[in-house]
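# Architecture at a glance
Listed here are the chains, written in short residue letters.
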Amino acid sequence: MVKIMDYGKFKYEAAQKAKETRRNQANTVLKEVRFRLKIEAHDYITKLKRAEGFLQAGDKVKAMILFRGREQSRPEQGVRLLRKFAEDVAEFGTVESNPTIDGRNMVMVVAPHKNKSEVKTEQNAQRAANREAARSAARGDSGPEETPTSAPAE
């Protein structure tokens, strides 16, 4: 007995498998936050919050200080600023590479505590829980609970 294979079905199943593996795959991206050496407190806080968001999403952060003119003669101030930045984001990530001078820039890379796939798994679980809560609330609202709340107050 000869078994005949449906090539269209085979291709469809292979495409579905590939789609599923892509859905579960998570690529860690290197995000960049740029500073100047003379940065105001508010601007620093804004950049810090942005970096924390990147780290919470599971992405690496490249903190870069751009030196201009005479600022290049004071690399110790840049190191001090990057160390402060590392302390401030320590809750969300760890320093992967210490501050290094690269031309007119000083660069430091901070890696997140959780990798991208763990974060994505948590987000999917949270999204599913929210969806389920919304469905149960929708079912509960259309039931007998709606009549007492809509009754006029006397």
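Above this text is the structure in question.
Cut-offs and rules
Residues numbered from 1 in each chain as written. Predicted model: local features only at pLDDT ≥ 70, side-chain atom pairs only at ≥ 80, totals over all residues. Heavy atoms only, no water. Axes fitted to C-alpha atoms, helices over the stretch in contact; angles between N-to-C directions. Helix = DSSP H or I, 4+ residues; strand = E, 2+ residues; numbered from the N terminus. Parallel < 35°, antiparallel > 145°, perpendicular 65-115°, else oblique. Left-handed = near helix turned anticlockwise from the far one by under 90°. Contact = heavy atoms within 4.5 Å. Phe/Tyr/Trp six-rings, centres within 6.5 Å; stacked < 30°, edge-to-face > 60°. Lys NZ or Arg CZ within 6 Å of the ring centre and 35° of its normal. Patch = residues over 30% accessible without salt bridge, like charges linked within 9 Å, V, L, I, M, F, W, Y side chains within 5 Å. Areas by Shrake-Rupley, 256 points an atom, 1.4 Å probe, with all protein chains shown as cover. Salt bridge = Lys/Arg side-chain N within 4 Å of Asp/Glu carboxyl O. Buried < 20%, exposed > 50% of the residue type's maximum accessible area, 1.4 Å probe, protein only. Pairing = 2+ DSSP bridges. Lys, Arg positive; Asp, Glu negative; His and termini not counted. Right-handed = clockwise from strand over helix to strand, strands pointing away.

Here we take up the packing of helix H2 (residues 41–56) against helix H3 (residues 75–88). Following both chains from N to C, one finds H2 and H3 inclined at 50°, their axes separated by 11 Å at the closest point. In terms of axis orientation, H2 runs oblique to H3. The chirality of how H2 crosses H3 is right-handed. Two secondary-structure elements touch here, H2 through Tyr44, Leu48, Ala51 and Glu52 and H3 through Leu81, Lys84, Phe85 and Asp88.

The next thing to look at is the packing of aromatic side chains. In the structure shown here, the tally under the stated rule is 3 aromatic pairs. Pairwise contacts between aromatic rings join Phe35, Tyr44 and Phe85 into one cluster. Looking at Lys84, its charged tip hangs above the ring of Tyr44, at a distance of 4.4 Å from the centre.

Before going further, it helps to examine a nonpolar patch on the surface. A contiguous nonpolar surface patch, about 380 Å² in accessible area, is contributed by Met5, Tyr7 and Phe10. Position of Met5 among the secondary structure elements: in the segment before helix H1 (7–24). Its relative accessible area of 61% is what places Met5 among the exposed residues.

What follows is about the sheet that holds strand S2 (residues 60–66). What the 4 strands build is an open sheet, ordered S1-S2-S4-S3; its pairing is mixed. Edge positions in the sheet fall to strand S1 (30–36) and strand S3 (93–102), since each of these pairs with one other strand and no more. When strand polarity is set aside, the average angle formed by the axes of neighbouring strands in this sheet is 20°. Bridge count between S3 and strand S4 (residues 105–112): 7 bridges; the pairing is antiparallel. Within the sheet, the bridge partner assigned to Thr100 lies in S4 and is Val107.

Turning to the side chain of Glu71, a few remarks are in order. Structurally, Glu71 is set in the loop between S2 and H3. In this structure Glu71 touches Leu37, Lys38 and Leu66, once residues within four positions along its chain are discounted.

With that settled, the discussion passes to the side chain of Glu52. Along the polypeptide, Glu52 turns up in helix H2. One buried charged residue, Glu52, forms no salt bridge at all, with the nearest opposite charge on Lys49 at 7.4 Å.

Moving on: the pairing of S2. In terms of residue burial, S2 counts as a mostly covered element, since 5 of its 7 residues are buried. Sheet analysis places S1 next to S2, joined by 7 bridges and oriented parallel. Among the inter-strand pairings, Lys31 is bridged to a residue of S2, identified as Val61. In this region the chain leaves S1, passes through H2 and returns to the parallel neighbour S2; the handedness of that crossover is right-handed.

Between side chains of opposite charge, a pair can form when the charged atoms approach closely. Inspection of every chain in the model, using the stated rule, returns 5 salt bridges. Residue Lys60 is joined to Glu96 by a salt bridge in which the shortest nitrogen-to-oxygen separation is 3.1 Å. Of this pair, Lys60 sits in strand S2 while Glu96 is found in strand S3, placing the two residues 36 residues apart along the sequence. Judged by relative accessible area, which is 27%, Lys60 ranks as partly exposed. For Glu96, a relative accessible area of 45% translates into the label partly exposed. Here the residues in one salt-bridge network are Glu32, Arg34 and Lys62, joined through shared partners.

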